[in-house]
Amino acid sequence: MNEYKKVKNILMAILIVNLLVAFLKIIIGNYIGSYSVSADGLHSLSDSASNIIGIIGVMISSKPCDKEHPYGHKKFEVLSSLFIGIMLLFIAGKIIIESILQINTSQSLNLTVESFIVLVITLVINVIVSRYEYKAGKKLNSYILISDSLHTKSDIFISIGVLITLVLIKSGAPIIIDKIVSFAVASFILYAAFKIFKFTIDILVDRAMIEEKELKEAVSDFEEIKEIHNIRSRGSESDIYVDMHIMVEPNMTVEASHKLEHNIERQIQDKINQNIQVIIHMEPYYKA
């Protein structure tokens, strides 16, 4: 539960930073008349929305097991990430539609040194936030922090593209480049959504988390195990479930088999992932 509290506090702090960055970009975009900067601001605003969704997801996920949810509530964190992906799709669609509608609109940019400096500062902030959030996600084994950091990372590449575009326009490049970059912004957002969809759907449809070969190698030094089959795994990095059938000598006692099960689970956790829960079905082994 302490890990969930840490994740929640990190998301709260990043939410404040992302809101500041988003509003700065939107204000500057409107001030200098750049739709690509405003689109970048909308994407940053989606970072803030993803933080809020993440906080809600973490709060629900931290609830203990109950009769209706014997495996806990951890998949609510995954569902919140799936919602973030859907939200990104709507934002990308909005940017694409508005860019098409304004493709023939002529305008001039009012880019000042001050506004350019502010945009660079917001870029640096995004870099710091993304790296910090990713490291914290790895340390706390939090999928929502890792996925949210990847979302913020896409914002970094978008901001770099927007800054380069503004410099080119200021140097005399045609204004239509600003609209073209808006499409590039939308494509980055769509890519971030795709990555979120892929990972969350893999978890929700119980895609195998660990290869059979890796699990067999992890317990290969147990002499009591004669054969392993029907290996299955599912879950996420922070919550993995493994079940397998192992064959042992038919005269093994209940006490010995119980001890073997615990030793196997402990060794799998030590060699592969500490968040693995193992269910073992014992079968008698008879020589052919």
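Please refer to the structure higher up on the page.
A quick note: this is a predicted structure, and the numbers were derived from the prediction, not measured.

Engineer: Sorry if this is basic, but what is going on with the pairing of strand β2 (residues 239-248) here?
Structural biologist: Looking along a regular strand, one sees side chains alternate from face to face of the sheet. Of all 10 residues in β2, eight are buried, a share of seventy percent or more. Across eight bridges, the pairing between strand β1 (residues 227-236) and β2 is antiparallel. Of the residues in β2, the one forming a bridge with Glu-227 is Met-247. Adjacent in sequence and paired antiparallel, β1 and β2 are bridged by two residues. Where β2 lies against strand β3 (residues 276-284), nine bridges are found, and the strand directions are parallel. In the sheet register, Ile-246 faces β3, and the bridge partner there is Met-282.

Engineer: Is there a simple way to explain the nonpolar core in this structure?
Structural biologist: In summary, soluble globular proteins display a tendency toward joint burial of nonpolar side chains. Of all hydrophobic cores here, the largest spans 39 residues; its most connected members are Val-7, Leu-11, Ile-84, Leu-88, Leu-145, Val-185 and Ile-189. For this core, the elements supplying multiple residues, two or more each, are α1 (2-32), α2 (35-61), α3 (75-101), α4 (113-140), α5 (143-170) and α6 (176-204).

Engineer: Looking at this structure, how should I read the packing of aromatic side chains?
Structural biologist: Within a pair of aromatic rings, the relevant descriptors are the distance that separates the centres and the angle that separates the planes. For the structure shown, the criterion picks out one aromatic pair. Geometrically, the ring pair formed by Tyr-71 and Tyr-241 is edge-to-face, given 5.3 Å between the ring centres and 90 degrees between the ring planes. Linking Tyr-71 in the loop between α2 and α3 with Tyr-241 in strand β2, this pair joins segments that are 170 residues apart in sequence. Overall, Tyr-71 belongs to the partly exposed group, its relative accessible area being 49%.

Engineer: Even after reading the chapter, I still don't get the environment of Val-21, so can you show me in this structure?
Structural biologist: Turning to its location among the elements, Val-21 is positioned in helix α1. On the basis of relative accessibility, which here comes to 0%, the residue Val-21 falls in the buried class. Taking the C-alpha atoms as reference points, Val-21 and Leu-145, 124 residues apart in sequence, are found 19 Å from one another. Beyond its immediate chain neighbours, meaning those up to four positions away, Val-21 contacts Ser-44, Thr-122, Ile-125 and Asn-126.

Reading guide: rules and limits
Throughout this description, residue numbers start from 1 for each chain and increase along the sequence as written. Local features in this predicted model are restricted to residues whose pLDDT is 70 or higher, and side-chain atom pairs enter the listing and the counts only when it is 80 or higher, whereas totals over whole chains, interfaces and linings include all residues. Side-chain descriptors were evaluated using all non-hydrogen atoms of the structure, hydrogens and water having been removed beforehand. Partly exposed residues are those whose accessible area sits between 20% and 50% of the maximum for their type, while under 20% is buried and over 50% is exposed, using a 1.4 Å probe and protein chains only. Under the DSSP-based scheme used, a helix requires at least four consecutive residues in state H or I and a strand at least two consecutive residues in state E, with every element numbered from the N terminus. Two strands are counted as paired when DSSP detects at least two bridges linking them. We define the nonpolar core as a collection of buried residues of types Ala, Val, Leu, Ile, Met, Phe, Trp, Tyr and Cys that are connected through side-chain atoms lying within 4.5 Å of one another. Note on aromatic contacts: the rings of Phe and Tyr and the six-membered ring of Trp form a pair at centre separations within 6.5 Å, being stacked when their planes are under 30 degrees apart, edge-to-face when over 60 apart, and tilted otherwise. The criterion used for residue contact is that any of the two residues' heavy atoms lie within 4.5 Å.

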